[in-house]
Amino acid sequence: MITITTPDEMRAWSMSRKSRGRTIGFVPTMGALHDGHLRLVADATQRCDDVVVSIFVNPLQFNVDTDFDAYPRPIDDDVAACASAGVAAVYAPTAAVMYPRGFQTRVVPGALADLMEGPGRPGHFEGVTTVVSKLFGAVGPDVGIFGQKDYQQLRIIARMAADLDTGIEIVGHPIVRDSDGLAQSSRNVRLTPAQRDAAVVVPRSLDAAVAAARSGTPADAVDAARSVVFAEPSARWEYTTVFDADDLTEVTRFGVRSPGRVRIATAVWFDDVRLIDNRDLFED
Ligand code: AMP
């Protein structure tokens, strides 16, 4: 496995692989790799000849400086995990390489970024689309694998890849969870043991919503989810929303209750750690 730190070197590596007829699968990450990331890598390995993982904590997409500063960066462990997972190249540029003096171009997402997480995190998705465009430009993948954990991000990237004629196939990988249901996240390591135990209310609140949605309204589903979070004193509820899986608009009444059409998402805080989760409301 090779570790690459500049876009020119990355592009040269990819071009040489592609000239040999090899396909490239790409998994962009911010590092602190966990099993969820490695399952995306395994998915990419199934689909393509060579897998590239990028590790870059992107300052452009953080709204809060302390969250950026506190973000875990175990780069040596991450590189070792990629090597064991059969990754061909790790792309780990520095912020100075990605955003040198004079950098000024941004990729502006559309309406999908104004919904859900958008209003509370100004500039976040523009930071994501900008960095992912740059990474796509350097890596030149055939396929990009993104987690459904960040469902809105996945939809925005899929839209961007199509709108900008990248020709890159965007794949959404299902959410990888711990055995008690908590979605794996690099931020979970910042929870105290007590908070980690309490954090199970996040997936349980979505379970309660799924049960309520069988015979109730979207508002009933949100109420059911909210009461699970409210019952946990260390949790601070931010939002729960029922939304269209395709255009992300809020769903206020259910049409057909079939899989793949309607999802529920939530954000919950434990002190200064913000956890997000989502799921299909009518999955099989
Ligand atoms: P991050 O390093 O948090 O930016 O995540 C990198 C990629 O891994 C994104 O596409 C995430 O959606 C995805 N990801 C993170 N955690 C999970 C998870 N628990 N299950 C599935 N995908 C995940």
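Residues numbered from 1 in each chain as written. Predicted model: local features only at pLDDT ≥ 70, side-chain atom pairs only at ≥ 80, totals over all residues. Heavy atoms only, no water.

Peer 1: What am I meant to see in the layout of surface pockets here?
Peer 2: The gaps of empty space that remain are located by a probe, the size of a water molecule, rolled over the atoms. Approximately 270 Å³ is the volume found for the second largest pocket. Lining the second largest pocket are 18 residues, with Ile55, Phe56, Val57, Ile75 and Pro93 sitting closest to its centre. Examining the composition of the lining of the second largest pocket, we find that three residues originate from one element, helix α4 (residues 75-84), more than from any other. Residue composition of the lining of the second largest pocket, grouped by class: 13 nonpolar, three polar and two charged. (1 Å grid on protein atoms, 1.4 Å probe; cavity = no way out; pocket = protein on both sides within 12 Å on 5 of 7 lines; lining within 4 Å. Points joined across faces, edges and corners; volume = space filled by probe spheres on them. Helix = DSSP H or I, 4+ residues; strand = E, 2+ residues; numbered from the N terminus. Nonpolar A, V, L, I, M, F, W, Y, C, P; charged D, E, K, R; others polar.)

Peer 1: What's the story with the packing of helix α6 (residues 124-139) against helix α7 (residues 151-163) in this structure? I'm lost.
Peer 2: The relative placement of two packed helices is expressed as an angle between their axes plus a distance between the axes. At their nearest, the axes of α6 and α7 sit 11 Å apart, and the two run at 50° to each other. Between α6 and α7, the angle is such that the two are oblique. The interaxial crossing formed by α6 with α7 has right-handed handedness. Taken together, the residues of α7 that come into contact with α6 (itself represented by Phe125, Val128, Thr129, Val132, Ser133 and Phe136) are Gln152, Gln153, Ile156, Ile157, Met160 and Ala161. For the contact of α6 with α7, the per-class residue count stands at eight nonpolar, four polar and no charged. (Axes fitted to C-alpha atoms, helices over the stretch in contact; angles between N-to-C directions. Parallel < 35°, antiparallel > 145°, perpendicular 65-115°, else oblique. Left-handed = near helix turned anticlockwise from the far one by under 90°. Contact = heavy atoms within 4.5 Å.)

Peer 1: What is the right way to look at the packing of aromatic side chains in this model?
Peer 2: Given two aromatic rings, their pairing is described by the distance between the two centres and the angle made by the two planes. Throughout the structure, instances matching the rule amount to nine aromatic pairs. Note on Phe62 and Phe68: the rings are 5.3 Å apart at their centroids and 70° apart in plane angle, and the pair reads as edge-to-face. Given the relative accessible area of 12%, Phe62 is considered buried. Summarising the aromatic geometry, the rings of Tyr99 and Phe103 are spaced 4.9 Å apart at their centres and angled 75° between planes, so their arrangement reads as edge-to-face. The structure contains a cluster of three or more aromatic residues connected by ring pairs, namely Phe26, Phe136 and Phe146. When the ring centre of Phe68 is taken as origin, the NZ or CZ atom of Arg73, which lies over that ring, is 4.7 Å away. Cation over ring: Arg226 sits above Trp237, and NZ or CZ is 5.2 Å from the ring centre. (Phe/Tyr/Trp six-rings, centres within 6.5 Å; stacked < 30°, edge-to-face > 60°. Buried < 20%, exposed > 50% of the residue type's maximum accessible area, 1.4 Å probe, protein only. Lys NZ or Arg CZ within 6 Å of the ring centre and 35° of its normal.)

Peer 1: Just to check I follow, could you spell out the sheet that holds strand β6 (residues 169-173) for this structure?
Peer 2: Strand pairing within a sheet occurs via backbone hydrogen bonds; the two strands may be parallel or antiparallel. Spatially, six strands are ordered β1-β4-β3-β2-β5-β6 in an open sheet, and the strand pairing comes out parallel. Each having just a single partner strand, β1 (2-4) and β6 make up the two edges of the open sheet. Each strand of the sheet is rotated relative to its neighbour by a mean of 25°, with strand direction disregarded. Strands β5 (143-147) and β6 of the sheet are contacted by α7, whose axis makes an angle of about 170° with β6. (Pairing = 2+ DSSP bridges.)

Peer 1: Would you mind showing me how to read the domain arrangement of the protein chain here?
Peer 2: One widely used convention gives an interface's size as the accessible area the parts lose upon coming together. Domain annotation for the protein chain reports domain 1 (2-173) and domain 2 (186-280). Measuring from the centre of the C-alpha atoms in domain 1 to the corresponding centre in domain 2 gives 26 Å. The interface of domain 1 with domain 2 comprises 20 residues on the first partner and 18 residues on the second. When the two sides are added together, the surface that domain 1 and domain 2 hide from each other amounts to roughly 1600 Å², 52% of it contributed by carbon and sulfur. Contact with domain 2 buries surface across domain 1, with Met116, Glu117 and Tyr151 losing the most and accounting together for 36% of the total. The interface formed by domain 1 and domain 2 includes four salt bridges. The salt bridge partner of Asp67 is Arg187, with a shortest N-O separation of 3.0 Å. (Domains from an automatic or database assignment. Buried area = accessible area lost by both parts, 1.4 Å probe. Salt bridge = Lys/Arg side-chain N within 4 Å of Asp/Glu carboxyl O.)

Peer 1: Before we go on, may I ask you to explain the environment of Gly167 in this structure?
Peer 2: As for its placement among the helices and strands, Gly167 is situated in the loop between α7 and β6. Assessed through its relative accessible area of 71%, Gly167 is described here as exposed. Discounting chain neighbours no more than four positions away, the residues touching Gly167 are Asp142 and Ala161.

Peer 1: Sorry, what's going on with the sheet that holds strand β9 (residues 273-280) here?
Peer 2: Taken in spatial order, the three strands of this open sheet run β7-β8-β9, and their pairing is antiparallel. The open sheet has two edge strands, β7 (236-244) and β9, and neither has a second partner. Here the average twist between neighbouring strands, direction ignored, is 15°. Across the face of the sheet, helix α9 (residues 201-213) comes into contact with β8 (262-270) and β9 while running at roughly 30° to β9. Across the sheet, helix α10 (residues 218-230) touches β7 and β8, and the angle it forms with β7 is around 155°.

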